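Architecture and fold: a report
Below are the chains, spelled out letter by letter.
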Amino acid sequence: MIHLSQIHFIREERHILNDVNVLIESGEHWVILGRNGSGKTTLLELMNGYEFPSRGTVDVLGNRYGQCDVREIRKKIGYISQSLLEKLNLGDPVHEVVATGEYAFLRFYQEIPQEVTARALQMLERVRIPHLANQTLGSLSQGERKKVMLARSLMMKPEILILDEPAAGLDLYERERFLADVNDLSKQDITVVYVTHHIEEIMPLFTHVAIIEQGEIIAAGRKEEVLTPANIHQAFGIDIVLEWYQGRPWIKVIDPK
Ligand SMILES: Nc1ncnc2c1ncn2[C@@H]1O[C@H](COP(=O)(O)OP(=O)(O)OP(=O)(O)O)[C@@H](O)[C@H]1O
């Protein structure tokens, strides 16, 4: 599905990614975990073809970037990020915001076909907020807005869904409600790639984790093998105890004293 091979990404003489290799196969769901500034968003931008590597190759859905029309590939990739949320219009009704996902428009300037509105309502049901369809985006809580983005990204039936820190800024209640919807994506034929700093967001859906530290992948593979105290110490510089509970990893920090 996604293959990043021997990627180097150099900007202004800084080596932002250094020999990164990631292979994401069909049927897998990956979390990319790492500290602020470790290179996570840059990796996602390469997968979307918004950035190109200084060296190395990016293959997505069987196409090599640089030798294909990236815009065509992007139609098969859903991308949820804070910068997209900021581009949406807060005054638009929620059902319309979701419907625009069908065409990857930011806004409708003509009448929305009835069947597209019907599908938008279905997507809102899927993320459990059909009752908010007629409210404006701006009247929703942060968590509800994230759910709208998720519903919107599902409109175009993506083969890959990329989420960049989607739970940032959500309180415990909103985060858990949002993560439940992400976890439900296991029922669909979508490959999910999820970037976060927070280990407890690794829902049962996710099969694999890549840990990135200062532009290098320090561990990648099945989540049970990668999420070790030693790897987390290497990435975050903190000693922890990790416990699995109901399919999710939870950490306790060990006081260094
Ligand atoms: N085009 C660019 N030019 C110069 N520096 C860049 C460029 N893109 C990214 N960087 C730098 O590369 C580093 C990695 O950035 P990136 O946004 O990928 O990190 P991140 O892991 O997503 O961080 P965060 O968790 O804080 O969002 C940062 O120090 C950033 O300033």
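Under an unreviewed UniProt entry, the name given to the protein is ATP-binding cassette domain-containing protein, and the source organism is Paenibacillus roseopurpureus. Under the UniProt heading Sequence similarities (unreviewed entry), the entry covering the protein gives this text: "Belongs to the ABC transporter superfamily." As its UniProt record puts it under Subcellular location (unreviewed entry), the protein is described as follows: "Cell membrane".

Description of the overall build of the protein
Of regular secondary structure, the protein possesses nine helices and twelve strands. Relative to a compact globule of 257 residues, whose C-alpha radius of gyration would be 18 Å, the protein shows 19 Å and is just as compact. In the protein, buried positions account for 34% of the 257 residues. Relative to all contacts within the protein whose residues are 6 or more apart in sequence, the contacts with residues 24 or more apart total 62%.

Here's the deal with the sheet that holds strand E1 (residues 2-11)
One open sheet holds the four strands; their spatial order is E2-E1-E4-E5, and the pairing between them is antiparallel. Pairing within the sheet leaves two strands with one partner each, and these edge strands are strand E2 (14-24) and strand E5 (63-64). As judged from the seven bridges shared by E1 and E2, these two strands associate in the antiparallel manner. The residue bridging Ile 2 from the neighbouring strand is Ile 24, located in E2.

A short note on the packing of helix H6 (residues 142-154) against helix H7 (residues 172-184)
With their axes 9 Å apart at the nearest point, H6 and H7 run at an angle of 15 degrees to one another. Here H6 lies roughly parallel to H7, going by the angle between them. At the point where H6 passes H7, the crossing takes the right-handed sense. Residue-level contacts link Gln 142, Gly 143, Lys 146, Lys 147 and Leu 150 of H6 to Glu 174, Arg 177, Phe 178 and Asp 181 of H7.

Examining the sheet that holds strand E6 (residues 77-80)
Reading across from one edge, E6-E7-E8-E3-E9-E10 is the order of the six strands in this open sheet, with mixed pairing throughout. One side of each edge strand has no neighbouring strand; the edge strands of this open sheet are E6 and strand E10 (216-222). Strand-to-strand twist across the sheet, computed as the mean angle between neighbouring axes with direction ignored, equals 15 degrees. Bridging between E6 and strand E7 (residues 160-164) involves four bridges; their strand directions are parallel. Paired with Gly 78 across the strands is Leu 161, a residue of E7. Packed onto the sheet, H6 meets E6 and E7 and runs at close to 165 degrees relative to E6.

Here's the deal with the site of the ligand
Around the ligand sit 13 residues in total, of which Arg 11, Asn 36, Lys 40, Thr 41 and Thr 42 are the nearest. Counting residues per element, the ones that place at least two in the shell around the ligand are E2 and helix H1 (40-48). Among the elements that make up the shell around the ligand, the one with the highest residue count is H1 (three residues).

Rules used in this analysis
Residues numbered from 1 in each chain as written. Predicted model: local features only at pLDDT ≥ 70, side-chain atom pairs only at ≥ 80, totals over all residues. UniProt positions renumbered as here; feature names shortened; annotations may be inferred. Helix = DSSP H or I, 4+ residues; strand = E, 2+ residues; numbered from the N terminus. Rg over C-alpha atoms; globule rule 2.2 N^0.38 Å. Buried ≥ 20, exposed ≤ 12 C-beta atoms within 10 Å, placed from the backbone. Contact = placed C-beta atoms within 7 Å. Pairing = 2+ DSSP bridges. Axes fitted to C-alpha atoms, helices over the stretch in contact; angles between N-to-C directions. Parallel < 35°, antiparallel > 145°, perpendicular 65-115°, else oblique. Left-handed = near helix turned anticlockwise from the far one by under 90°. Near = placed C-beta within 6 Å.

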